[in-house]
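The lines below spell out each chain.
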Amino acid sequence: MGRGNAWLRGLGAVLVSMAMTFLGLIAITFFVGRVVPIDPVIAVVGDRAPIEVYNAVRAEMGLDDPLILQFLRYVADVLTGDLGMSISTGGRVIDDLVRVFPATLELATLGIIIGVLLGVPMGVYAASHHGTFVDHAIRVLGLVGYAVPAFWLGLVGLAVLYARLQIVGGPGRLDFFYDGLVPPVTGLILVDSLLAGDMAVFRNAFSHIILPAAVLGFFSLAYISRMTRSFMLDQLSQDFIMTARVKGISERRVIWHHAFRPIRVPLVTVIGLSYASLLEGSVMIETVFSWPGIGNYLTTALLNADMNAVLGATLVIGMVFILINKGSDVLYRLIDPRARA
């Protein structure tokens, strides 16, 4: 009974923390939207509209009301899913975000899978072979991942692998011929094509997503491998590792059981932060690859001074950060029994 009450208290604390963080995010986006040098009224009516039209639209948008009243109205609208209308698309921002977010989610998810599957073993191997050529090579690869601009790597990949060698698909999520053949269920083309049993669409979608996902995965790999190596080096220098080796335990078991197990907790946080950064930091990649995700949508909105779309996309990205951060905390508690006390 006591354990159940502790679990409920912990869940309540997490929910309250999420609610307060989200409220702070709403406040930040609201006041940022009010201080940027973009007049939302002019964005709607144009800079040649008569003053009477300008004043009427301003009053209709509630911009003549006190700031606190505008903020309370904005909070109420956000909580009911009303993020306003987009000037760029002419539709509701919430509908636009529901349409474009799955593309970013699919791209970032495949990118983080690549980063984890390659980055974690590389970091472990580099730490267990500290000071060798392989260790130095992995460290250099990580530095390259930090130094090379994402848009440059994407353009080089398109020029070589698509235009020259033609082994991957080009910009966009699908070739024109395959567009619309699979009914949208989840918004994730790879998943929807498998649900529909259409392998031709799946192969075409995979050929388009693999290059931008690999570019994102490379930058994620650089961060994850570096942090994994650092965590492992700290563990491998501990006395209990030396004791395990003296007892004659195999090196493989020493590395993956005795040294790797303790670093799973901080590694979860690293992977969570990397995943969140891919979801919000794929703007350049989506622009280079004409990927119809939230990054491309946000770029278009910024160029068109579409503040409703900009603030709506910012809220979604911020909420993703909050959810992933709290999800990491939950995994932390599941992996480390000491955190449940």
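The coordinates are above.
The notes below deal with the structure included here. The shown structure was predicted, so the numbers you read here are calculated from the model rather than taken from an experiment. (Residues numbered from 1 in each chain as written. Predicted model: local features only at pLDDT ≥ 70, side-chain atom pairs only at ≥ 80, totals over all residues. Heavy atoms only, no water.)

**Structural notes on the nonpolar core**
Soluble globular proteins tend to bury their nonpolar side chains together. Core analysis: the biggest nonpolar cluster contains 48 residues, and Leu107, Ile209, Met232 and Phe260 have the highest contact counts within it. Every element with two or more residues in this core is listed here: α5 (93-128), α8 (189-196), α9 (199-236), α10 (239-246), α11 (251-259), α12 (264-280), α13 (283-288) and α15 (307-335). Counting residues per element, this core draws most heavily on α9, at 14 residues. Excluding residues that lie within four positions of it along the chain, Phe260 makes contacts with Val120, Val124, Met232, Ile255 and Leu267. (Core = buried A, V, L, I, M, F, W, Y, C linked by side-chain atoms within 4.5 Å. Buried < 20%, exposed > 50% of the residue type's maximum accessible area, 1.4 Å probe, protein only. Helix = DSSP H or I, 4+ residues; strand = E, 2+ residues; numbered from the N terminus. Contact = heavy atoms within 4.5 Å.)

**Brief notes about α5**
Taking 1.5 Å of rise per residue, 36 residues should cover 52 Å, and α5 covers 50 Å from first to last C-alpha, within 8% of that figure. Most pronounced at Val100, the bend in α5 amounts to some 30 degrees, and the proline Pro102 follows within four residues. (Expected span 1.5 Å × (residues − 1). Bend = angle between axes of the 7 residues up to and from the residue.)

**Some remarks on the pattern of salt bridges**
Pairs can form between side chains of opposite charge whenever their charged atoms are close. In the structure shown here, the tally under the stated rule is five salt bridges. For Arg92, the salt bridge identified is with Asp95, shortest N-O distance 3.1 Å. Residue Asp95 is classed as partly exposed on the basis of its relative accessible area, which comes to 40%. (Salt bridge = Lys/Arg side-chain N within 4 Å of Asp/Glu carboxyl O.)

**Description of the environment of Asp234**
With respect to the helices and strands, the residue Asp234 is situated in helix α9. Judged by relative accessible area, which is 43%, Asp234 ranks as partly exposed. As for Asp234 and Gly169, which are separated by 65 residues in sequence, their C-alpha atoms are 42 Å apart.

**As for a nonpolar patch on the surface**
Taken together, the side chains of Phe151, Trp152, Leu155, Val156, Val160, Leu165, Ile167 and Met284 make up a nonpolar region of the molecular surface, amounting to roughly 740 Å² of accessible area. Among the elements that line the nonpolar patch, the one with the most residues is helix α7 (residues 150-164), at five residues. For Met284, a relative accessible area of 41% translates into the label partly exposed. (Patch = residues over 30% accessible without salt bridge, like charges linked within 9 Å, V, L, I, M, F, W, Y side chains within 5 Å. Areas by Shrake-Rupley, 256 points an atom, 1.4 Å probe, with all protein chains shown as cover.)

All quantities given are derived from atomic positions and should not be read as evidence of function.
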